[in-house]
Amino acid sequence: MTQKALIVGVANERSLAWSIAKHLKKSGFDIALTYQNEALEKRVKPLAQEIGADLVLPLDVSNESQVTAAFETIQKKWGNLDTLVHSIAFANRDDLEGRFIETPREGFRMALDISAYSLVQLARAAEPLMKTNGGSILTLSYVGATRVIPHYNVMGVAKAALEACVRYLAYDLGPQKIRVNAISAGPVKTLAAAGIRDFRTMLSQDAETNPLRENIEQDDVGALAAFLCSPAGKHMTGSTLFVDSGAHIL
Ligand code: NAP
């Protein structure tokens, strides 16, 4: 039977999730994409058409009933799910500059809720659909989880929480052969990245200093995701894998 993948986090053709969608399609998966709001629906629908996605669903992770409805639709259409890709993050722009110490409680709460807790929320919703055949859950992280990257601030804390969630979820879901991993990507110019102050400088410094002396591309992330969701990754879980031209060793 054809494998089924739900991919959350395509905003446009630059999104890391879009590269993952294309790679999984090429590997033979049926694809479901989501959009957060009406403005994004207009951008996501043509992309969904491009890869012949089976489903395009509204899904804002801060809206619990929308999450329930999305998984009900998947249950009805597919009956099961093999792969869930969580490729979303959010923090107030003001909290991605200046001193981390100034982060207000509400900004901290929201960044961790949308960027980390949502993985737990989506994994819980996916579990019943993955129970019979097992599955693979993937999320996207960044080295700011373990190292201080200027301006990354509260998002670094959210990514640290996200990577810890990956480990606890991998432990909970392992007996059902549901694997959970994170891909820690080097900087790529996307909509979300544009919210980080001095992102261009971050990008050029990365290319000047990382071991391979070049930035990664969206495609690198898609290829690694396809590997992790394939039988080749069947004994990999609870890990954060780096695709960052080696920057994390410095
Ligand atoms: P992107 O194209 O802007 O994708 C981010 C996605 O998150 C968007 O689709 C966004 O929708 C969605 N999102 C935000 N809040 C949401 C909510 N409440 N409900 C549902 N979706 C929501 O940027 P990206 O760079 O590909 O980001 C994908 C992931 O990769 C993020 O976790 C990011 O931290 C991670 N990452 C990125 C880089 C990089 O350099 N680009 C490096 C390492 C890791 P809206 O546009 O509507 O907000």
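Please refer to the structure higher up on the page.
Residues numbered from 1 in each chain as written. Predicted model: local features only at pLDDT ≥ 70, side-chain atom pairs only at ≥ 80, totals over all residues. Heavy atoms only, no water.

1. Here we look at the pattern of salt bridges
Stated formally: One speaks of a salt bridge when a side-chain nitrogen belonging to Lys or Arg is within 4 Å of a carboxyl oxygen belonging to Asp or Glu. Numbering goes from the N terminus for both helices and strands, where a helix is a DSSP run of H or I of at least four residues and a strand is a run of E of at least two.
Summed over the entire model, instances satisfying the criterion amount to 5 salt bridges. With a shortest N-O distance of 2.8 Å, E41 and K45 are connected by a salt bridge. Separated by 4 residues within a single helix, E41 and K45 lie in helix α2 (residues 38–50), roughly one turn from each other. One network of salt bridges, with partners in common, ties together E106, R109 and D113.

2. Focus on unusual backbone geometry
Keep in mind that most residues, glycine aside, have a negative phi and that most peptide bonds are trans. Put simply, the rule reads: Only protein chains enter the accessibility calculation, which uses a 1.4 Å probe. A residue is then buried if its area is under 20% of the maximum for its type, exposed if over 50%, and partly exposed in between.
Unusually for a residue other than glycine, H151 sits at a positive phi of about 80°. Note on placement: H151 falls in the loop between β5 (135–141) and α5 (153–173). Although it is not a glycine, N153 adopts a positive phi angle of roughly 40°. Within the secondary structure, N153 sits in helix α5. N153 sits in the buried class, given a relative accessible area of 14%.

3. Brief notes about the packing of helix α1 (residues 16–26) against helix α7 (residues 218–228)
For clarity, the threshold we go by: Structural elements are reduced to axes, namely lines fitted to C-alpha atoms, with helices fitted over the stretch in contact, and the angle between N-to-C directions of any two is expressed from 0 to 180 degrees. For classification purposes, an angle smaller than 35 degrees is called roughly parallel, one larger than 145 roughly antiparallel, one from 65 to 115 roughly perpendicular, and anything else oblique. With the far helix as reference, a near helix turned anticlockwise by less than a right angle produces a left-handed crossing, and one turned clockwise produces a right-handed crossing. The contact definition used throughout considers only heavy atoms, calling two residues in contact when any of these lie within 4.5 Å. Note on residue categories: nonpolar means Ala, Val, Leu, Ile, Met, Phe, Trp, Tyr, Cys or Pro, charged means Asp, Glu, Lys or Arg, and polar means any other residue, Gly included.
At a minimum axis separation of 8 Å, α1 and α7 run at an interaxial angle of 50°. Taken as axis vectors, α1 and α7 run oblique relative to one another. With respect to the hand of their crossing, α1 and α7 are arranged in right-handed fashion. Where α1 approaches α7, its residues L16, S19, I20, H23 and L24 are matched on the opposing element by Q218, D219, V221, G222, A223, A225 and A226. A class-by-class count of the residues in the contact of α1 with α7 yields 7 nonpolar, 4 polar and 1 charged.

4. Section: α7
Restricting attention to buried positions, one finds in α7 the residues V221, G222, L224, A225, A226 and L228. Where α7 is buried, its residues meet α1, β5, β6 (178–185) and β7 (240–243).

5. Things to note about the environment of P46
With respect to the secondary-structure elements, P46 resides in helix α2. Residue P46 is classed as partly exposed on the basis of its relative accessible area, which comes to 44%. For the pair P46 and N12, spaced 34 residues apart in sequence, the C-alpha separation works out to 9.8 Å.

6. Looking at the site of the ligand
What counts here: It suffices for a single heavy atom of a residue to lie within 4 Å of a molecule or strand for the residue to be listed as near it. Any pair of nitrogen or oxygen atoms within 3.5 Å is treated as a polar contact; in protein, a donor-acceptor pairing is required on top of that, and neighbouring residues in sequence qualify only through side-chain atoms on both sides. Per-residue accessibility takes into account occlusion by the displayed protein chains alone, with areas from the Shrake-Rupley method and a 1.4 Å probe. Computed over the protein atoms alone on a 1 Å grid, cavities are sets of points where a 1.4 Å probe fits but cannot get out and pockets are open sets with protein on both sides within 12 Å along at least five of seven lines; a residue lines them when it has an atom within 4 Å of a point. Just a note on the criterion: a molecule sits in a pocket or cavity if more than half of its atoms are within 2 Å of the grid points.
With respect to spatial proximity, 28 residues lie near the ligand, and among them S15, Q36, L40, V188 and T190 are the closest. Within the contact set of the ligand, an oxygen atom lies 3.3 Å away from a backbone nitrogen or oxygen of G9. Residue Q36 places a side-chain N or O atom 2.4 Å away from an oxygen atom belonging to the ligand. The protein chains hide 90% of the 870 Å² of surface that the ligand would expose on its own. Among the cavities detected, the one that contains the ligand is the largest pocket. Split by residue class, the shell around the ligand holds 19 nonpolar, 7 polar and 2 charged.

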